[in-house]
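A structural walkthrough
Residue strings, one per chain:
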Amino acid sequence: MQTPAESGSRRAQIVTLTMNPALDITTSVDMVRPTDKLRCATPRYDAGGGGINVARIARVLGASVSAVFPAGGPTGDVVMSLLKDAAVPFRHVAIAAATRESFTVNEGSSGQQYRFVLPGPRLTFAEQEGCLDELRAAAESADYVVASGSLPPGVPADFYQQVADICHQLGARLIVDTSGGGLRHLSSGVFLLKASVRELRECVDRPLATEAEQLAAAHWLVEAGRARAVLVSVGSRGALLATRRESRRFAAIPMPAGSGVGAGDAMVAAIATGLGRGWPIVKSVGLGIAAGAAMLMTPGTAACERADVERLFESVPEPEELTRSTVPAP
């Protein structure tokens with residue numbers, strides 16, 4: 001279903017797919033206690049879910065984007081209204097159930113952050129097919145498709161492989177950032193797979209206690225044909241990149257403590273933006289490191305500022321080339 005936000009826009013170079021969008025609500029309280037009524041500060045509302053976050057940030061960075069997602073109920077209406085306010089073009093599939101909410105509470109007394117994430121609505125087969133149809137229409141002339149976020153109830157674990165097959169048919173490069181069954185059931189057709197250490201560990205069913213083991217597991221996914229490149233985010237240590245030809249370690253930018261919500265999505269958005277500019281993958285990952293750091297400067301899941309990303313990009317350390325190791329296939 002094409003929305004007014006999409007009408008008349010130029011070709012979307014980057015198309016994002018969010019199968020489990022959310023209305024992100026962020027607030028704060030002095031102390032989290034059981035049973036007591038907790039009087040919270042004024043909440044902040046953002047359109048959320050992996051691919052929607054990617055689209056919002058890529059838009060800030062100057063990329064031409066279009067977001068595809070299912071939406072239903074009053075929360076779905078708010079998500080779409082927020083995207084219109086942010087001038088993010090989108091195509092949505094109307095669903096019977098309501099879009100989920102995601103709730104983040106910052107505890108002032110400790111600096112701790114509490115995140116409450118709901119499972120999302122159950123999508124019917126027809127609603128799932130509608131999402132694939134909208135993706136085909138939006139991505140027909142796109143250079144990159146970013147499939148990001150969890151799969152909601154009712155969506156089969158191989159759904160992202162169906163997305164990969166569509167991208168292959170259309171000639172679009174696919175970037176995937178997901179977890180669980182959606183990650184384990186990817187078998188081919190991914191240009192760049194981004195995963196945390198935990199997600200990579202679950203995917204290959206190995207402890208991956210050392211950097212060498214993490215890098216080896218990433219290379220195994222590349223050699224198995226599941227992705228042309230694998231990027232492993234390792235938190236405050238930065239990220240590891242594995243391709244057929246090289247292994248790289250990207251150091252993180254030292255930043256004051258802040259909310260890490262959305263940092264991974266910002267990294268993916270910036271990488272897609274860099275690739276869309278024709279940059280090589282190593283330079284694009286550097287931009288992703290800068291965007292992830294810039295998210296630590298924003299409240300809740302607010303998009304980072306382009307000026308902050310560009311300033312931090314200037315200070316991204318040169319990635320270190322590593323000697324790769326191997327592990328047996330899981």
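Residues numbered from 1 in each chain as written. Predicted model: local features only at pLDDT ≥ 70, side-chain atom pairs only at ≥ 80, totals over all residues. Heavy atoms only, no water.

Labelled according to an unreviewed UniProt entry, the chain appears under the name Putative ATP-dependent 6-phosphofructokinase isozyme 2, originating from Mycobacterium parmense. UniProt annotates the chain under Sequence similarities (unreviewed entry) with the comment "Belongs to the carbohydrate kinase PfkB family." (UniProt positions renumbered as here; feature names shortened; annotations may be inferred.)

Our focus in this paragraph is the confidence of the model for the chain. Confidence along the chain averages 92 in pLDDT terms, with 93% of residues attaining 70 or more. Every residue in residues 2-9 scores below 50 in pLDDT, and together they form 13 contacts with partners more than four places removed in sequence or on other chains. (pLDDT = per-residue confidence, 0-100. Contact = heavy atoms within 4.5 Å.)

Strand order in the open sheet formed by four strands is 3-2-6-7, with mixed pairing between adjacent strands. In this open sheet, the two edge strands, each paired with only one partner strand, are strand 3 (44-48) and strand 7 (113-117). For this sheet, the mean angle separating the axes of adjacent strands, direction not counted, is 20 degrees. Bridge count between strand 6 (residues 100-107) and strand 7: five bridges; the pairing is antiparallel. (Pairing = 2+ DSSP bridges. Helix = DSSP H or I, 4+ residues; strand = E, 2+ residues; numbered from the N terminus. Axes fitted to C-alpha atoms, helices over the stretch in contact; angles between N-to-C directions.)

Any pair of aromatic rings gets described here by the distance separating the centres and the angle formed by the planes. Scanning the entire structure with this criterion turns up five aromatic pairs. Measuring from ring centre to ring centre gives 5.6 Å for Trp 279 and Phe 313, while their planes differ by 10 degrees; the resulting arrangement is stacked. With a gap of 34 residues between them, Trp 279 in the loop between helix 8 (263-276) and helix 9 (281-294) and Phe 313 in helix 10 (residues 306-313) connect regions that are remote in the sequence. The class for Phe 313 is partly exposed, based on a relative accessible area of 22%. In this arrangement the basic side chain of Lys 283 is found over the ring face of Trp 279, its NZ or CZ atom lying 4.2 Å from the centre. (Phe/Tyr/Trp six-rings, centres within 6.5 Å; stacked < 30°, edge-to-face > 60°. Buried < 20%, exposed > 50% of the residue type's maximum accessible area, 1.4 Å probe, protein only. Lys NZ or Arg CZ within 6 Å of the ring centre and 35° of its normal.)

A separate point is the side chain of Asp 265. Mapped onto the secondary structure, Asp 265 falls in helix 8. For Asp 265, which is buried and forms no salt bridge, the nearest opposite charge comes from Lys 194, at a distance of 6.4 Å. There is a polar contact of 2.9 Å between the side chain of Asp 265 and the side chain of Asn 53. In this structure Asp 265 touches Gly 50, Asn 53, Val 54, Ile 57, Ser 148 and Asp 177, once residues within four positions along its chain are discounted. (Lys, Arg positive; Asp, Glu negative; His and termini not counted. Salt bridge = Lys/Arg side-chain N within 4 Å of Asp/Glu carboxyl O. Polar contact = N/O pair within 3.5 Å; in protein donor to acceptor, adjacent residues only side chain to side chain.)

Turning next to the sheet that holds strand 5 (residues 90-94). Strand order in this open sheet of ten strands is 5-4-1-8-9-10-11-12-13-14, and the pairing throughout is mixed. Two strands close off the open sheet at either side, each with one partner strand: strand 5 and strand 14 (320-321). Bridging between strand 1 (residues 14-17) and strand 8 (residues 144-148) involves four bridges; their strand directions are parallel. Residue pairing for strand 8: Thr 16 is matched across the bridge by Val 146. Along the sheet, helix 6 (residues 197-204) makes contact with strand 9 (173-177), strand 10 (190-196) and strand 11 (227-233), crossing strand 10 at roughly 110 degrees. Sheet strands in contact with helix 9 are strand 10, strand 11, strand 12 (239-243) and strand 13 (247-250), and its direction is about 20 degrees off that of strand 13.

Along helix 6, the positions that sit buried rather than exposed are Val 197, Glu 199, Leu 200, Cys 203 and Val 204. Taken around the axis of helix 6, the buried residues stretch over an arc of 160 degrees, which confines them to a single face. (Arc of directions from axis to C-beta.)

Interaxial distance between helix 9 and helix 10 falls to 8 Å at its minimum, and their mutual angle equals 125 degrees. Considering the angle they form, helix 9 stands oblique to helix 10. The crossing of helix 9 and helix 10 is right-handed. When helix 9 is examined against helix 10, the residues Lys 283, Gly 286, Leu 287, Ala 290, Ala 291, Ala 293 and Ala 294 are found in contact with a partner set consisting of Asp 308, Val 309, Leu 312 and Phe 313. Partitioning the contact of helix 9 with helix 10 into residue classes produces eight nonpolar, one polar and two charged. (Parallel < 35°, antiparallel > 145°, perpendicular 65-115°, else oblique. Left-handed = near helix turned anticlockwise from the far one by under 90°. Nonpolar A, V, L, I, M, F, W, Y, C, P; charged D, E, K, R; others polar.)

Attention now moves to the pairing of strand 9. Consecutive residues of a regular strand have side chains that alternate between opposite faces of the sheet. In terms of burial, strand 9 is a largely internal element, four of the five residues being buried. Relative to strand 9, strand 8 runs parallel, the two sharing five bridges. From the neighbouring strand, Tyr 144 faces strand 9, where its bridge partner is Arg 173. Handedness of the crossover is the feature at issue here: the chain leaves strand 8, passes through helix 4 (residues 159-170), returns alongside strand 9, and the resulting connection is right-handed. Here three bridges tie strand 9 to strand 10, and the two strands are oriented parallel to one another. When the bridges of strand 10 are listed, Asp 177 appears paired with Lys 194. (Right-handed = clockwise from strand over helix to strand, strands pointing away.)

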